[in-house]
Amino acid sequence: GLYATAGYLAGKPPVNCLEDLAAHKLVGLDAGNTNIRSPIAFPAANPLPGEYVYLTNSPTAQMSAVRCGFGIGLLSHRWATLQGDLVRVLPDQTLHELDLWLVTHEDLRYSARIRVMYDFLAEHIVRDLSLFQSGRPARD
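Predicted model only: the values in this text are computed from it and were never measured.

## Side note on the nonpolar core
Membership of the largest hydrophobic core is limited to eleven residues, which are L2, A4, Y8, V15, L21, L26, L48, I72, L74, V89 and L90. Among the elements of the structure, β1 (2–5) and β4 (72–74) are those that each provide at least two residues to this core. V66, L75, A80 and L86 belong to the second-largest nonpolar core, a separate cluster that totals eight residues.

In structure tokens form, the structure reads like this:
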């Protein structure tokens, strides 16, 4: 989802649709030379409207730039929500999805330690599924 700080959004034109991003500064993540072609990776190949003022290959640096008010960035819902200080822009729109895989080397797949870690991760991913999907916590 698209996220920014309240400070960045204050006094800027409202964003009601993707075309409104043209009046905004954007923070992009460039994943390097991969086959991923999406706004989250290679914004130059598949750009959102707007001016990219910061482009990095580090998701952590991208998050920091958004949190510092550089502009609007396409971030993981779960990670952005956990920051606690970001505002979701265009909350009803999903711009990109990535699959999440739990994998291990074949030689380790029957390891008790790996199984415990898998179970732990799977439990927490399922628990936080709504955060991954929409940035909204599950309702109990």
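## Section: the confidence of the model for the chain
Averaged over all residues, the pLDDT of the chain is 83; the fraction at 70 or higher stands at 81%. Element-level pLDDT for the chain is lowest in helix α5 (residues 129–134), with a mean of 72, against a maximum mean of 97 in helix α1 (residues 6–9).

## Observations regarding the pattern of salt bridges
Scanning the model with the defined rule gives two salt bridges in all. Between D119 and R115 there is a salt bridge; the shortest N-O distance is 3.2 Å. Taken as a pair, D119 and R115 lie in helix α4 (residues 112–127) at a separation of four residues, close to a single helical turn.

## With respect to unusual backbone geometry
Leave glycine aside and you will find that most residues have negative phi; peptide bonds, for their part, are mostly trans. At L90, a residue that is not glycine, the phi angle is positive and equals roughly 55°. Here L90 lies in the loop between β5 (86–89) and α4.

## A closer look at the sheet that holds β1
Taken in spatial order, the five strands line up as β3-β2-β4-β1-β5 in an open sheet, and their pairing is mixed. With one partner strand each, in any of the chains shown, β3 (51–56) and β5 form the two edges of the open sheet. When strand polarity is set aside, the average angle formed by the axes of neighbouring strands in this sheet is 30°. Two strands pair when backbone bridges link them, and β1 and β4 are joined in this way by two bridges, in the antiparallel orientation. Note that in β4 the partner of Y3 across the bridge is G73. Each of β1, β2 (25–29), β3, β4 and β5 is contacted by helix α2 (residues 59–67), which is oriented at about 165° to β2, the strand it contacts most.

Conventions adopted
- Residues numbered from 1 in each chain as written.
- Predicted model: local features only at pLDDT ≥ 70, side-chain atom pairs only at ≥ 80, totals over all residues.
- Heavy atoms only, no water.
- Core = buried A, V, L, I, M, F, W, Y, C linked by side-chain atoms within 4.5 Å.
- Buried < 20%, exposed > 50% of the residue type's maximum accessible area, 1.4 Å probe, protein only.
- Helix = DSSP H or I, 4+ residues; strand = E, 2+ residues; numbered from the N terminus.
- pLDDT = per-residue confidence, 0-100.
- Salt bridge = Lys/Arg side-chain N within 4 Å of Asp/Glu carboxyl O.
- Pairing = 2+ DSSP bridges.
- Axes fitted to C-alpha atoms, helices over the stretch in contact; angles between N-to-C directions.
- Contact = heavy atoms within 4.5 Å.

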